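# An overview of the molecular structure
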Amino acid sequence: MTLLRATGLTKRFAARGPLGVKAEFTAVDRVSFDVGPGETLAVVGESGSGKSTTARMIAKLMDPTEGSLEFDGEDVTRAKGAALARFRAGVQVVFQDPFSSLNPRHTVERILTAPLVYQGIAPNGSRRAHAKELMERVGLNPDHSLRYPAQFSGGQAQRIGIARALAVNPKLVICDEAVSALDVSVQAQVIELLRRLQRESGFSFVFIAHDLAVVRQIAHRVAVMSKGRIVELGDTAQVFGDPRDEYTRTLLAAVPRINPEWDRRRRERVQA
Amino acid sequence: MSDLLVVEDLTVTFPTARGPVDVVRSVSFTLGRDETLGIVGESGSGKSMTSLAVMGLLPKGARASGSVRLDGVELLGRPDRELRRLRGDRMSMIFQDPLSSLNPYYTVGLQIEEVYRAHRGGSGKDARKVAIAALQQVGLPDPERRVDYYPHQFSGGQRQRVMIAMALVCSPELLIADEPTTALDVTVQAQILGLLAGLRKDSGMGLVFITHDLAVISSIATRVLVMRQGEQVEYATAEQVFAEPRHDYTRMLLDSIPRIDDPLDEGVTA
Amino acid sequence: MARYLAGRAAGVVVILLLVCLFTFVIFFTLSPDPAVMICGKTCTPERIHQIRDALGLNEPFLTQFFSFLIGIFAGRDYGEGANLVHCAAPCLGYSFQTNQSVWDMVVERLPVSATVAIGAAVLWLLVGIAAGLVSAVKEGTWWDRAAMGLALGGSSVPNYVLALALQYVLVVQLQVLPFPQAVAFGDDPVVWFQSYLMPWVVLAAGYACLYARLTRANVIDTLAENFMRTARAKGLSPVLTMRRHALRPALTPIATIFGMDFAALLGGALITETVFGLNGVGKMAADSIAKNDQPVIMAVTLLAAFFVVVGNVVVDLVYTALDPRVRITAR
Ligand SMILES: Nc1ncnc2c1ncn2[C@@H]1O[C@H](COP(=O)(O)OP(=O)(O)OP(=O)(O)O)[C@@H](O)[C@H]1O
Ligand SMILES: Nc1ncnc2c1ncn2[C@@H]1O[C@H](COP(=O)(O)OP(=O)(O)OP(=O)(O)O)[C@@H](O)[C@H]1O
Ligand SMILES: [Mg+2]
Ligand SMILES: [Mg+2]
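Every chain begins its residue count from 1, and numbering advances along the sequence as written. Chains carry letters from A onward and ligands carry numbers from 1 onward, assigned in written order. The predicted nature of this model means local features are confined to residues of pLDDT at least 70 and side-chain atom pairs, given and counted, to a pLDDT of 80 or more, with totals for whole chains, interfaces and linings taken over all residues. Derived side-chain values reflect all non-hydrogen atoms in the structure, with water molecules and hydrogen atoms excluded from consideration.

## Focus: the overall build of chain A
To be explicit about the condition: Numbering goes from the N terminus for both helices and strands, where a helix is a DSSP run of H or I of at least four residues and a strand is a run of E of at least two. The globule rule used for comparison is 2.2 Å times the number of residues to the exponent 0.38, while the radius of gyration itself is calculated over C-alpha atoms. The criterion used for residue contact is that any of the two residues' heavy atoms lie within 4.5 Å. The Shrake-Rupley method, run with a 1.4 Å probe, gives the accessible areas here. Residue values count only the displayed protein chains as cover.
Tallying secondary structure elements over chain A gives 10 helices and 10 strands in all. Whereas a compact globule of 272 residues would reach a radius of gyration of roughly 19 Å, chain A reaches 20 Å, a difference of no more than 12%. With the C-alpha coordinates aligned to their principal axes, the bounding extent of chain A is approximately 65 × 50 × 45 Å. Across chain A, contacts joining residues at least 24 apart in sequence account for 66% of those joining residues at least 6 apart. Accessible surface for chain A amounts to roughly 11,800 Å². Of this, 50% is attributable to carbon and sulfur atoms.

## Looking at the interface of chain B and chain A
For clarity, the cut-off: A simple way to read buried area is as the amount of 1.4 Å-probe accessible surface that goes missing from two parts once joined, with both sides added. Every case where a carboxyl oxygen of Asp or Glu lies within 4 Å of a side-chain nitrogen of Lys or Arg is listed as a salt bridge.
The interface of chain B with chain A comprises 60 residues on the first partner and 52 residues on the second. Interface area, chain B with chain A, both sides summed: about 4,600 Å², of which 54% is carbon and sulfur. When residues of chain B are sorted by the area they lose upon contact with chain A, Val-186, Pro-258 and Ile-260 of chain B head the list and together hold 15% of the total. There are 5 salt bridges connecting chain B and chain A. Linking Glu-244 of chain B and Arg-265 of chain A is a salt bridge whose minimum nitrogen-to-oxygen distance equals 3.2 Å.

## Here's the deal with the coordination of the magnesium ion (ligand 4)
Residue and element names in this part refer to chain B. Cut-off, in case you're wondering: The rule for donors is simple: N, O or S, within 2.8 Å of the metal, or within 3.2 Å if the metal is Na, K or Ca. Water isn't counted, so a site may look like it is missing partners. Buried residues are those whose accessible area, probed at 1.4 Å on protein chains only, stays under 20% of the maximum for their type, while exposed residues exceed 50% and partly exposed ones sit between those limits.
Binding of the magnesium ion (ligand 4) to the protein goes through Ser-48 (OG) and Gln-96 (OE1), at separations of 2.0 to 2.3 Å. Here Gln-96 lies in the loop between strand 6 (91–94) and helix 3 (98–101) and Ser-48 lies in helix 1 (residues 47–55), a separation of 48 residues in the sequence. Gln-96 carries the same exposure label as Ser-48, and that label is buried.

## Looking at the site of ligand 2
This is how it is decided: Being near a molecule or strand, for a residue, comes down to having at least one heavy atom within 4 Å of it. Throughout this description, a polar contact denotes any pair of N or O atoms lying within 3.5 Å of each other; where both atoms belong to protein, one of them has to be capable of donating a hydrogen while the other can accept it, and for residues adjacent in sequence the pair is counted only when both atoms sit in side chains. Note on residue categories: nonpolar means Ala, Val, Leu, Ile, Met, Phe, Trp, Tyr, Cys or Pro, charged means Asp, Glu, Lys or Arg, and polar means any other residue, Gly included.
Around ligand 2 lies a shell of 20 residues, among which Ser-153 and Gly-155 of chain A together with Ser-43, Gly-44 and Ser-48 of chain B are the nearest. Between ligand 2 and Lys-47 of chain B there is a distance of 2.8 Å, counted from an oxygen atom to a backbone nitrogen or oxygen. Contact with the protein chains covers 92% of the free accessible surface of ligand 2, which is 650 Å². Of the residues that constitute the shell around ligand 2, the class distribution is 4 nonpolar, 12 polar and 4 charged.

## Here's the deal with empty space enclosed by the protein
Put simply, the rule is: Cavity and pocket criteria rest on a 1 Å grid covering protein atoms alone: a 1.4 Å probe that fits but cannot get out defines a cavity, protein on both sides within 12 Å along at least 5 of 7 lines defines an open pocket, and an atom within 4 Å of a point defines a lining residue. Grid points are joined across faces, edges and corners, and a volume is the space filled by probe spheres set on the points.
Taken as a whole and judged by the stated rule, the model has 11 cavities of 30 Å³ or more. Size it by volume and the largest cavity reaches roughly 150 Å³. Taken together, 17 residues line the largest cavity, and the ones lying closest to its centre are Gln-96, Pro-98 and Ser-180 of chain A together with Gln-96 and Thr-182 of chain B. Breaking the lining of the largest cavity down by element, the ones donating at least two residues are helix 5 (154–166) of chain A together with helix 7 (156–168) of chain B.

## Observations concerning unusual backbone geometry
Residue and element names in this part refer to chain B. With phi around 55 degrees, Asp-71 is a residue other than glycine that occupies positive phi space. A positive phi angle is found at Asp-142, which is not glycine, with a value near 55 degrees. Structurally, Asp-142 can be placed in the loop between helix 5 (124–137) and helix 6 (143–146). In this structure Asp-142 comes out as partly exposed when scored by relative accessible area, which is 38%.

## Some thoughts on the coordination of the magnesium ion (ligand 3)
Six octahedral donors around a metal ideally sit at 90 or 180 degrees from one another, while four tetrahedral donors ideally sit at 109.5 degrees. All names here are of chain A. Distances from the magnesium ion (ligand 3) to its protein donors, namely Ser-52 (OG) and Gln-96 (OE1), fall within the range 1.9 to 2.4 Å. Of this pair, Ser-52 sits in helix 1 (residues 51–58) while Gln-96 sits in the loop between strand 6 (91–94) and helix 3 (108–118), and the two are 44 residues apart along the sequence. No difference in accessibility class separates Ser-52 from Gln-96, as the two residues are buried.

## Re the confidence of the model for chain B
For clarity, the threshold we go by: By definition, pLDDT measures how confident the predictor is in each residue, and it falls between 0 and 100.
Put simply, chain B has an average pLDDT of 92, and 97% of its residues get 70 or more. Interface scoring of the predicted complex returns ipTM 0.92; its pTM is 0.89.

## Here's the deal with helix 5 of chain A
Note the cut-off: One less than the number of residues in a helix, times 1.5 Å, gives the span that helix is expected to have.
Between the first and last C-alpha of helix 5 of chain A there are 19 Å, a value that for 13 residues agrees with the 18 Å anticipated at 1.5 Å per step. Of all the 13 residues making up helix 5 of chain A, 13 are buried; the element is thus mostly covered by neighbouring parts of the structure.

## Here's the deal with the site of ligand 1
Every one of the 22 residues lining ligand 1 counts as a neighbour, but Lys-51 and Thr-53 of chain A together with Arg-146, Ser-155 and Gly-157 of chain B are closest to it. Site remark: ligand 1 is flanked by residues from chains A and B. Gln-96 of chain A places a polar side-chain atom, nitrogen or oxygen, 3.0 Å from an oxygen atom of ligand 1. Interatomic distance of 3.0 Å between a side-chain N/O atom of His-210 of chain A and an oxygen atom of ligand 1. With the chains in place, 96% of the 640 Å² that ligand 1 exposes on its own is no longer accessible. Elements supplying a minimum of two residues to the shell around ligand 1: strand 2 (22–35) and helix 1 of chain A together with helix 7 of chain B. Tallied by class, residues from the shell around ligand 1 come to 5 nonpolar, 14 polar and 3 charged.

## Some details on the packing of helix 8 (residues 189–223) of chain C against helix 10 (residues 238–266) of chain C
All names here are of chain C. Note the threshold: Only the contacting stretch of a helix is used when fitting its axis, a line to C-alpha atoms as for every element, and angles between N-to-C directions run 0 to 180 degrees. Roughly parallel here means an angle under 35 degrees, roughly antiparallel means over 145, roughly perpendicular means 65 to 115, and every remaining angle is called oblique. Left-handed is the label given to a crossing in which the near helix is rotated counterclockwise from the far helix by less than a right angle, and right-handed is the label when the rotation is clockwise.
Contact geometry for helix 8 and helix 10: axes closest at 9 Å, N-to-C directions at 150 degrees. If you check the angle between helix 8 and helix 10, you find them roughly antiparallel. Here helix 8 runs over helix 10; the crossing is right-handed. Of the residues in helix 10, those touching helix 8 at Leu-203, Tyr-207, Tyr-211, Leu-214, Thr-215, Asn-218, Val-219, Thr-222 and Leu-223 are Met-242, His-245, Ala-246, Pro-249, Ala-250, Leu-251, Pro-253, Ile-254, Ile-257, Phe-258, Asp-261 and Leu-265.

## What about the packing of aromatic side chains?
Our working rule: Only Phe, Tyr and Trp rings take part, Trp by its six-membered ring, and two of them pair if their centres are within 6.5 Å. Stacked means planes under 30 degrees apart, edge-to-face means over 60, and tilted covers everything else. Distance and angle both matter: a charge sits over a ring if NZ of Lys or CZ of Arg is within 6 Å of the ring centre and within 35 degrees of the ring normal.
This model, assessed by the stated rule, comprises 14 aromatic pairs over all chains. Between Phe-306 of chain C and Phe-307 of chain C, the aromatic rings sit 5.7 Å apart at their centres with planes inclined by 65 degrees, giving edge-to-face as the arrangement. Residue class for Phe-306 of chain C comes out partly exposed when judged on its relative accessible area of 39%. Classification of Phe-307 of chain C as buried rests on a relative accessible area of 16%. Through a chain of ring-to-ring contacts, three or more aromatic side chains come together here, namely Trp-124, Tyr-207, Tyr-211, Phe-258 and Phe-262 of chain C. The ring of Phe-152 of chain A carries Arg-147 of chain A above its face, with NZ or CZ at 6.0 Å from the centroid.

Below, the structure written as structure tokens:
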């Protein structure tokens with residue numbers, strides 16, 4: 001059983017060269033993968049390797065140049081109208097740049113309840129209560145539900161994006177660097193929330209991140225991208241424990257670590 | 001010679017419907033030339049507001065009190081006209097959210113060039129060369145072509161590197177970097193950290209580096225400031241903060257870092 | 001890009017054909033028999049039949065419609081034998097009232113309407129944008145409140161009230177302006193200017209109020225953007241910050257609204273032209289409606305539709321040029 005299947009997704013951007021000659025740039029090159037129900041697929045890799053572009057294509061926010069997309073057993077590559085609406089109800093996205101994805105003129109309450117309104121779902125309780133509950137879940141102060149996005153910090157704005165995605169009980173949530181602006185303790189809390197939702201309601205996640213330690217904690221499978229292609233795709237344990245591709249090995253070797261000498265001294269003091 | 005940046009008793013206040021709220025309360029720190037101050041802490045604890053206050057760029061309505069001195073000269077309360085000459089030239093800042101911090105209507109080339117031309121003058125041609133070199137320096141592939149791209153044509157990490165290039169173009173003495181590497185993969189991140197460390201050594205640039213990645217802090221910071229709910233809970237050398245943290249919050253932070261070598265809690269093979 | 005343009009052009013043609021059909025249905029089949037109107041009081045049934053024949057009104061509907069279309073593109077003939085009249089290529093028929101070629105009437109009056117529209121547009125853009133800009137920069141000050149209060153009040157004053165008031169004060173009471181006359185620019189520039197001044201002001205007033213409020217709102221939103229903070233962080237001069245970083249994002253949406261407003265005006269400013277007795281397309285429309293001069297009504301409707309539809313395409317093209325994010329880059 002698969003929830004989402006991408007086959008040969010390709011995206012080429014036409015750039016206007018000198019003299020109007022068009023140069024083409026292949027941002028995503030024949031990428032295929034699938035995501036099962038209740039599964040978390042992490043996508044890691046080079047900056048500019050096409051992760052966000054892939055995310056936009058599987059969220060149907062951008063049409064692929066080539067390739068096809070299946071969701072819930074249905075081909076949605078060219079979905080329109082009712083089929084597209086069904087797809088939209090099932091798939092939510094948390095975007096990489098939090099402020100650009102929140103309407104600056106709407107209050108948080110309005111942002112959080114808008115998805116319900118679009119899809120004609122009645123919230124349990126009043127709108128305000130619903131928004132406040134969502135805010136609480138992601139560790140935001142519910143008293144701030146009438147503030148505007150600009151009145152929040154970067155990490156707080158990011159959590160508004162997460163709360164919005166969770167508002168409608170989607171089947172698949174695509175998280176593009178969704179926890180990168182959070183401090184480690186809030187991050188742990190949000191990740192715990194995502195996992196609990198996955199256990200309870202069977203959400204699937206496509207989780208794009210640069211923090212490999214986080215990826216290792218929450219992903220079932222990992223896809224490594226470089227220069228528009230998936231260079232390695234495997235179980236988390238395999239990719240981290242026994243990386244096959246050269247690029248994956250470089251990546252793992254470059255993960256910054258806390259000065260081990262300092263870390264050791266701290267642990268010793270804790271034990272003492 | 002005096003310290004590059006001295007911040008004393010900095011408080012930032014926002015008027016809200018329920019009366020004034022201090023989002024930064026009595027923060028003090030000192031940054032020497034050739035030093036890196038790492039600021040870490042809770043999301044929403046006032047890290048960005050602290051740096052905006054130093055730059056004199058607080059949002060409308062916010063007020064800063066205390067003292068901020070760059071090279072012995074008080075900055076708080078100075079007219080914008082005078083701060084303008086410093087900003088982008090002697091002190092510059094890399095903002096947290098690169099997409100919204102770049103103007104969607106202009107090519108990144110123009111946005112980098114205009115800093116250079118505002119402070120160094122020179123012809124458009126020179127500025128363009130400088131912009132291309134700056135993009136090259138931050139490891140952006142194909143800079144001669146990408147210099148004419150618009151922000152939306154870049155990936156998240158590429159935009160972040162554009163912001164970095166923009167901040168470095170006039171070789172500032174003070175650079176405030178607000179989460180500058182969150183969208184970078186670890187190899188590019190290492191490259192950027194190397195670049196910043198090099199500038200610090202070669203030209204004595206002082207660096208304030210805000211991040212949630214404590215491993216990064218441990219590798220580049222000389223001193224560390226830990227913030228929580230607008231207050232500074234710990235301020236000490238990096239070694240002290242990491243090896244002998246004094247405050248509970250710092251300890252809690254260090255304990256919650258996900259580590260790449262830890263065994264996994266669900267019993268999957270490590 | 002070429003493909004896109006071809007697509008849009010095809011769209012324009014289809015829409016204009018539909019408008020043709022629609023107006024044709026309404027004016028030629030639903031309104032009173034034009035032959036009766038032309039014939040006047042002393043009329044015999046034979047005379048009516050003759051007229052109907054001459055106008056081609058006895059043909060089936062579709063034949064009439066196609067004759068009309070062919071007339072526009074290739075010209076057509078009316079009547080037969082000695083009465084035959086050839087109507088050359090853009091043929092819109094003849095006025096029932098004056099027997100003048102409708103196309104000639106349009107060509108004669110369009111410059112007047114264009115003059116009114118262009119002059120007013122310049123005026124309302126200058127005043128509206130300047131006022132909105134100052135209000136945005138001085139948000140919350142007494143200037144802002146006064147200007148916006150005026151703008152709000154101004155947009156609710158009907159055109160003709162303002163026109164009559166101005167005329168009464170400036171022409172009748174103070175006599176600083178002459179009564180508007182139909183003078184060509186080349187004949188007497190001063191009188192020309194004096195004649196058009198009031199129409200310009202009257203027409204521009206409402207738009208200026210609207211544009212001032214739009215500009216203010218857009219500029220305030222833009223000033224709150226994160227990229228404005230970046231511009232300040234770069235140490236750019238306030239003038240450059242404003243001119244380059246704030247104005248372009250704030251005014252781009254206004255450019256598109258302006259395109260539509262202006263296009264609509266080219267089809268004639270009915271009230272203003274009538275009040276000031278200017279012989280423009282708007283007045284022609286008013287007169288033809290009053291006298292049920294069907295060919296002329298058809299022509300004005302088509303003309304207005306043409307400007308609006310073409311204006312729409314131009315606006316879209318301008319918008320793509322102004323906003324890099326919507327430029328057509330994907331194939
Ligand atoms: N609209 C566009 N026009 C042209 N090129 C584009 C466009 N959008 C993205 N690209 C290019 O496509 C490539 C992939 O971008 P993408 O945003 O998918 O990368 P990413 O893997 O998400 O990187 P990051 O980790 O830095 O966010 C980049 O090289 C980018 O410059
Ligand atoms: N305009 C505003 N009005 C009221 N409060 C504000 C406003 N802007 C920011 N704040 C509050 O100020 C506090 C500090 O924000 P700041 O952006 O400095 O946090 P931060 O430490 O940078 O967090 P992050 O790591 O999430 O970016 C936050 O709690 C935020 O809610
Ligand atoms: Mg990305
Ligand atoms: Mg911040």
